[in-house]
Amino acid sequence: MIATSTAVEPPLALLAELTHRCPLRCPYCSNPLALERAGTELDTAAWRRVLSEAAALGVLQVHFSGGEPLARRDLASLVAHAAQAGLYGNLITSGIGLDAARMAALAGAGLEHVQLSLQDSDPGQGDRVAGLAGAQAQKYRAAQLVRDAGLPLTVNAVVHRQNLGRLQDMIELALQLGADRLEIAHVQYYGWALKNRAALLPSREQLAQATTLVEAARVRLKGVMVIDYVVPDYYARRPKACMGGWGRRFLNVIPSGTVLPCHAAETLSGMRFPNVGAASLAEIWHNDPAFARFRGTDWMPDPCRGCERREIDWGGCRCQAFALTGDAARTDPACALSPDHELLAAARTETALPAPEFVYRQHSAVVRRASEHVSPAP
Amino acid sequence: MTGSTKVDGGSVLRFAAHARFRFDETRQAWVVLAPERLLLPDEQAVAVLKLIDGVRDADAIIDQLGREYQAPREVIAGDVLTMLQDLVDKKVLRQ
Ligand code: SF4
């Protein structure tokens, strides 16, 4: 293999997926279809070591995530350890399980920021998507607790064909909750979301309306609430620079200690990923073959190989290429130059059909349908 | 609504409560850490950010940079105000 011209730069951020346990069951969960159980989770000492190694490697930010990270009783002690190591700590939470005592412990531990997920502006619809009655009300309380603790709050609103009609209401709700920032994120289609794509993917008209609405809100709310907007790849002409490039900026440690270049990488069957039990994060980042596999541009096929954008988007997303074509080493089909771009057109035809029921995330191998176990929306 | 967030020469700026401007030993470079933001400022931006102290106003910062870099104030004023406005809009700085 040809040596890459640039040395491997240190990663900027660590996604610490402390657990896959979660009281919610969102049908677009970014966790893998095969969820890990509590018994396989790294213990407190192992996570502390991971956080120390991350800081030493050059990581600047740590995102405590899951599942629901509040399901870990040692969360505040891990936040404290990260802060002492100089890491900027962010909590990514559903808000379920946050109470005044835990909020105080987290703030006292040096947490810098909370990102709270929002499923909908309508409480009944929010509970339906989350798969938990009363979830929405708990989120409102969680937002208040974050504000009371003096921490900055980001509301992460995940949008799709079933809630885009209420986007304006979601923006107003985020304002009411006191959010400093609102992230409006179209569902990205891997894992659970790919399974539910026909129930989630918006039409081109819906997407265009949403984009217009977001642009107007950004102007109106300038200086009041920052709005970040993540668009779906299915209507794109060029792919996103997924993770800023494979093995360039980002690493993800999952509950069992396996280390991935992105949170969906486990879907790439045939690849073997390292574990913090067998090597340090520095060894993994610099030497592991899985991290080197799609790093830089040497691995690229045509048309990326000769493309002027190859160091801008790094050929797009490996997981999307694999999910749609069965080959992780192909150009992301989101790129209009990809020979597989037509696959997205086929998916877009789903948007003209009625939305099927959700397949909720769950541990069991038996996938049940929504109607069997969700109380109807009020 | 946007009145208080418009940056001009008289604006006195400070870092937002949860924005951190610090030197990173690994990269031997200054970084800004903020909610959902991680900035790697270039040399000129670092020079501006080092003067953010919650006391000096933007005019004083521009004067100071003009002296340091021996550049006429009208050459740098626009760039500095644009940068400060952008960081206020991103809620990294506040006034
Ligand atoms: S051909 Fe490859 S490098 Fe070029 S824009 Fe498409 S995905 Fe990016």
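Residues numbered from 1 in each chain as written. Chains lettered and ligands numbered in written order. Predicted model: local features only at pLDDT ≥ 70, side-chain atom pairs only at ≥ 80, totals over all residues. Heavy atoms only, no water.

**Focus: the overall build of chain A**
Rule in force here: Each helix is a run of H or I in the DSSP string that is no shorter than four residues. Each strand is a run of E no shorter than two, and both are numbered from the N terminus. Only protein chains enter the accessibility calculation, which uses a 1.4 Å probe. A residue is then buried if its area is under 20% of the maximum for its type, exposed if over 50%, and partly exposed in between. Contacts are assigned to residue pairs with any non-hydrogen atoms lying within 4.5 Å of each other. All accessible areas in this document rest on Shrake-Rupley with a 1.4 Å probe, and a residue is counted as covered only by the protein chains that are shown. In this count, Lys and Arg are taken as positive residues and Asp and Glu as negative ones, while His and the chain termini are left out. The location of each charge is read from NZ of Lys, CZ of Arg, CG of Asp or CD of Glu.
The helix and strand inventory of chain A stands at 13 helices and nine strands. Viewed in the frame of its principal axes, chain A has a C-alpha envelope of about 60 × 50 × 45 Å. Per-residue burial over chain A gives 57% buried out of 378 residues. In chain A, the share of contacts with a sequence separation of at least 24, taken over all contacts with a separation of at least 6, comes to 72%. For chain A, the computed accessible surface area is about 15000 Å², with 54% contributed by carbon and sulfur atoms. For chain A, the separation between the mean place of its 38 positive charges and that of its 37 negative charges on side chains is 2 Å.

**Some details on the packing of aromatic side chains**
Our working rule: Each aromatic pair joins two rings of Phe, Tyr and Trp (for Trp, the six-membered one) with centres within 6.5 Å, and gets the label stacked for planes under 30 degrees apart, edge-to-face for over 60, and tilted for any other angle. Over a ring means this: the NZ of a Lys or the CZ of an Arg is within 6 Å of the ring centre and within 35 degrees of the ring normal.
Counted according to the given criterion, the structure contains eight aromatic pairs over all chains. Seen from their ring centres, A:Trp246 and A:Phe294 are 5.1 Å apart, and the 90° between their planes marks the pair as edge-to-face. Of this pair, A:Trp246 sits in the loop between β7 (226-230) and β8 (250-253) while A:Phe294 sits in the loop between α11 (289-292) and α12 (318-325), and the two are 48 residues apart along the sequence. When sorted by exposure, A:Trp246 lands in the same class as A:Phe294, which is buried. Here the aromatic rings of A:Phe358 and A:Tyr360 are separated by 5.8 Å at their centres, their planes lie at 80°, and the arrangement is edge-to-face. Summarising the burial analysis for this pair, A:Phe358 and A:Tyr360 share the class buried. Within the aromatic cluster, the residues linked to one another by ring pairs are B:Phe15, B:Phe21, B:Phe23 and B:Trp30. Directly above the aromatic system of A:Tyr360 lies the positively charged group of A:Arg25, at a separation of 4.9 Å from the ring centroid. The ring of A:Phe294 has A:Arg318 lying over it, and the distance from NZ or CZ to the ring centre is 5.9 Å.

**Observations concerning the site of the ligand**
Residue and element names in this part refer to chain A. Defined as follows: Proximity is defined per residue: if any heavy atom of the residue lies within 4 Å of a molecule or strand, that residue is considered near it. The rule is simple: put a 1 Å grid over the protein atoms alone, call a set of points where a 1.4 Å probe fits but cannot get out a cavity, call an open set with protein on both sides within 12 Å along at least five of seven lines a pocket, and count a residue as lining if it has an atom within 4 Å of a point. By definition, a pocket or cavity contains a molecule when more than half of the molecule's atoms lie within 2 Å of the pocket's grid points. Only Asp, Glu, Lys and Arg are considered charged in this grouping, and only Ala, Val, Leu, Ile, Met, Phe, Trp, Tyr, Cys and Pro are considered nonpolar; every other residue, Gly among them, is considered polar.
Every residue near the ligand is listed here: Arg 238, Pro 239, Pro 303, Cys 304, Cys 307, Arg 309, Arg 310, Asp 313, Gly 315, Thr 331, Cys 335 and Leu 337. Structurally, the ligand is housed in the second largest cavity. Tallied by class, residues from the shell around the ligand come to six nonpolar, two polar and four charged.

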